[in-house]
Amino acid sequence: MSNHFLDGLGEMCPVPNIMVREKLKEIAVGEVIVIETDHSCARQTIQSEMKKLGHRVMIRKVAKGVWQLAIIKGRS
Amino acid sequence: MRAAVVFLCIAAIAVVLSLVGPGLYAHWLFGITFGWILHRAGFCFVAAVRDPVLTGSTALARAVIVSIAIATFGFSIITIYTGETGTVAPLGWNTVLGGLVFGTGMVIAGGCVSGTLMRMGDGFVMQWLAFAGLLAGSLIGTRAGCLWSADLFGPTTRVFLPHHLGWSGALALQYLALIGLWLLALRWENRCFAQVPGRSEPAEISNTEEPEEADLDWLDAGWVEIGAAETEAPDAAGSSLGGFLRRARAGVKSSLKGLLTDSVTPAVGGVLLGIAATAYFATVGRPWGITTELTYWASGVWRLLGQHPEEWPCFLASSRGIPSDLRIFTHPGTALNLGTICGAFFASFVADQWRLRLIKNWRLGVAALAGGTMMGYGSRLSMGCNIGALFSGTSSLSLHGWVYLVSLVAGGTVGVYLARILLFNPAVKTTTSRKQAGLS
């Protein structure tokens, strides 16, 4: 079991979302992706979409306007 | 504390504006409202067009449909009672071409015009560049419009649906189209999300017992699980009327809190925008529009550079003309657009989320400038952007809004394919990805 870190700082929408989606293809159930993003909209999109796709999603604010999202790949 | 400071700022500027020109404060306050809602809901017309093609998500598309449905209702009441029609712009090939160019540009620029204003307020450098492109494109579009002969695009005509179908016919058709599109969007998302390749295969499942419990110890302080609150409150469940009311009350409460402190869902944003846009139309007598004013701004800048756009024949011919002194600071549109930028800034600041959001590489800067220019040019052709032509146009029951929507989607699809090759795929490939990264 391992976790994966994606650096999405300064990327335009929807690149952070695509990064997560691409990574999800590579990893096994229960593994965790942590993505860091400063894009307010991408943060909202990723958290609601990943939830809908059946993954667990956790969020924390690491600085003003910078968030880390943890996506725990679900069995869905 | 922050909220109080921001409230005082907004009020103080409103007072100053009321001394500068009649009614300017109202435009300012509505601008603040629009910017605030756009920011909190992450309300993005680009995502509404792009995501169905790119990821299959239609959350934003459905939110846009909801906002138009509400504004249609509000605008119709205003028109019936006051006789004041909304945005019914000339429809012709210019509408089609404008939508195509605009749709492609907005995907590349990472935001349409309202999204650009909102993200400028939120500190995105990329959108400031897109804005520069927007001004340039508006100016080029205006100049080009002057050079064309009037019949280049063939005749244009204003089609106000109730004139042709009657009010009941027009409204029935409008709501049929909106409900149909909404259902189609929902089905599309369900279909796409059911076949996402990232989903696990059955074989993997049997290997992993309760994976959720495993190895989350490294997730140290400060993490909040999304949607945990709903599952922890069983009394909110149930299909009875009481359960429904409890859920509705909880939803309103969390939306109000999100509106003040963090974020609301796109659907909530759509409802609020529909209401706010109706209130704006009722208050100032015309629907929300952004780009006409941006053209004046661009002309003002061009004049500062020693040029004379006010002598261009199309400016002389247009009904509003260009004020010879170009005192754009007394224009209602200026108060409105600056209000939108500031509204997003204040929203971001109150939530303690504002930062200068630098672009990652030159590629994004070029994309912003090019996409912005395309949007500026396109909006001159179609006489409005996603707000003026799409949102206000369709809500005013004008056929040009619907024609614009169709070509916008076509242009947006082209934009997605271009952006995938030029922007998205290279970015995803070169991004940092560290295994077992130490997080702090």
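So, here is what we can say about the structure in this document.

Calculation criteria
Residues numbered from 1 in each chain as written. Chains lettered and ligands numbered in written order. Predicted model: local features only at pLDDT ≥ 70, side-chain atom pairs only at ≥ 80, totals over all residues. Helix = DSSP H or I, 4+ residues; strand = E, 2+ residues; numbered from the N terminus. Rg over C-alpha atoms; globule rule 2.2 N^0.38 Å. Buried ≥ 20, exposed ≤ 12 C-beta atoms within 10 Å, placed from the backbone. Contact = placed C-beta atoms within 7 Å. Axes fitted to C-alpha atoms, helices over the stretch in contact; angles between N-to-C directions. Parallel < 35°, antiparallel > 145°, perpendicular 65-115°, else oblique. Left-handed = near helix turned anticlockwise from the far one by under 90°. Nonpolar A, V, L, I, M, F, W, Y, C, P; charged D, E, K, R; others polar. Core = buried A, V, L, I, M, F, W, Y, C linked by C-beta atoms within 7 Å.

1. Here we look at the overall build of chain A
(1) Moving on: Along its length, chain A carries two helices and four strands.
(2) Moving on: Going from the N terminus to the C terminus, chain A shows its helices and strands as β-α-β-α-β-β.
(3) Moving on: A compact globule built from 76 residues should have a C-alpha radius of gyration of about 11 Å, and chain A, at 11 Å, falls within 12% of that.
(4) Moving on: Relative to its 76 residues, chain A shows a buried fraction of 66%.

2. Comments concerning the environment of Leu397 of chain B
Residues and elements named next belong to chain B.
(1) Moving on: Looking at where Leu397 falls in the secondary structure, it is placed in the loop between helix H17 (386-395) and helix H18 (399-430).
(2) Moving on: In the structure, Leu397 is positioned 223 residues away from Gln174 in sequence and 7.4 Å away in space, judged by C-alpha atoms.
(3) Moving on: Dropping the residues within four chain positions of it, Leu397 is found in contact with Thr72, Ser76, Phe160, Leu161, Pro162, Ala170 and Gln174.

3. Here we look at the packing of helix H5 (residues 93-109) of chain B against H18 of chain B
Residues and elements named next belong to chain B.
(1) Moving on: Contact geometry of H5 with H18 gives a least axis separation of 6 Å together with a crossing angle of 40°. Regarding the angle of H5 to H18, the classification is oblique. As H5 runs across H18, the sense of the crossing is right-handed.
(2) Moving on: For the contact of H5 with H18, the class distribution of residues is 16 nonpolar, nine polar and no charged.

4. Looking at the nonpolar core
Burial of nonpolar side chains together is a common tendency in soluble globular proteins.
(1) Moving on: Judged by nonpolar contacts, the single largest core of 137 residues is most densely connected at Val20 and Ile71 of chain A together with Ile37 and Met375 of chain B.
(2) Moving on: Beyond its immediate chain neighbours, meaning those up to four positions away, Ile71 of chain A contacts Val20, Val32, Ile33, Met50, His55 and Val57 of chain A.

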